[in-house]
Amino acid sequence: MSQVNPYDKFLDGRTVDAILAATADAIAGHLGTMGSQRASEAPAPGKWSAAEIVCHLADCEIAFGFRLRQTLAEDGPTVQPFDQDKWAAGYSGIPAGEALDAFRAARMWNLRLIRAALPAAANRPVTHPERGTMTFQTIVETMAGHDLNHLGQLRRIAGSQ
């Protein structure tokens, strides 16, 4: 079984709330640096473009939001994993700006929920079939690490010429 939070290594010492609150603006900054044409180009064969990364982040925000709500509403639920590559099959042609708008709206909604739920719900248990038993707090920390992982990819794409 894999690590409960495979993105833990990306956490940088800031609070998870600070990371989650800053992600949409950080994405916007990277997209602004690269422009819409570069955002739609894959940086290498078989790699997602910046626009596809932002689409992935928007999809994940929906999935994380459902998992958070399920953890609060049910006793010890099991969440559903998903195949990110199958979800990504529909990303072609979606402008990065549209994906960012979707991400920003879902993130703001999820942050409201997280801030209202913590710290009281931090230890509510949830099971991920591939990662094992975790908590509401682990999901939040996974979100932050996942953000930082993909922000690093966007930073590298934006920095390449």
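In this text the structure is predicted, and so the values were computed from the model without any measurement.

> Now, about the pattern of salt bridges: what can you tell me, with residues and values included?
Within the structure shown, the criterion is met by 6 salt bridges. Among the salt bridges present, the one from R115 reaches D17, with a minimum N-O distance of 2.7 Å. Pair noted here: R115 is in helix α4 (residues 96-117) and D17 is in helix α1 (residues 16-39), with a separation of 98 residues, a long-range link. Using a relative accessible area of 47% as the deciding quantity, one classes R115 as partly exposed. Residue D17 is classed as partly exposed on the basis of its relative accessible area, which comes to 29%. With a shortest N-O distance of 2.7 Å, R107 and E61 are connected by a salt bridge. Pair noted here: R107 is in helix α4 and E61 is in helix α2 (residues 50-73), with a separation of 46 residues, a long-range link.

> An account of the packing of aromatic side chains is requested, with residue identities and associated values reported.
Inspection of the entire model under this criterion finds 3 aromatic pairs. Here the aromatic rings of F82 and W87 are separated by 4.0 Å at their centres, their planes lie at 25°, and the arrangement is stacked. Residue F82 is classed as partly exposed on the basis of its relative accessible area of 26%.

> Talk me through the pairing of strand β2 (residues 132-135); I want residue IDs and the actual numbers.
Summarising the sheet, strand β1 (residues 125-128) and β2 pair through 4 bridges and their orientation is antiparallel. Bridge pairing links V126 to M134 in β2. The turn joining β1 and β2, which pair antiparallel and follow one another in sequence, is formed by 3 residues.

> A description of the side chain of H150 should follow, citing residues and the corresponding values.
Locating H150 in the fold gives a position in helix α5 (residues 136-159). Judged by relative accessible area, H150 falls into the buried class, the value being 6%. At a separation of 3.3 Å, a polar atom in the side chain of H150 contacts the side chain of H56. Here the side chain of H150 touches Q153 through a polar contact of 2.6 Å, side chain to side chain. Setting aside chain neighbours within four positions, we find H150 in contact with I53, H56 and L57.

What counts, and where the lines are drawn
Residues numbered from 1 in each chain as written. Predicted model: local features only at pLDDT ≥ 70, side-chain atom pairs only at ≥ 80, totals over all residues. Heavy atoms only, no water. Salt bridge = Lys/Arg side-chain N within 4 Å of Asp/Glu carboxyl O. Helix = DSSP H or I, 4+ residues; strand = E, 2+ residues; numbered from the N terminus. Buried < 20%, exposed > 50% of the residue type's maximum accessible area, 1.4 Å probe, protein only. Phe/Tyr/Trp six-rings, centres within 6.5 Å; stacked < 30°, edge-to-face > 60°. Pairing = 2+ DSSP bridges. Polar contact = N/O pair within 3.5 Å; in protein donor to acceptor, adjacent residues only side chain to side chain. Contact = heavy atoms within 4.5 Å.

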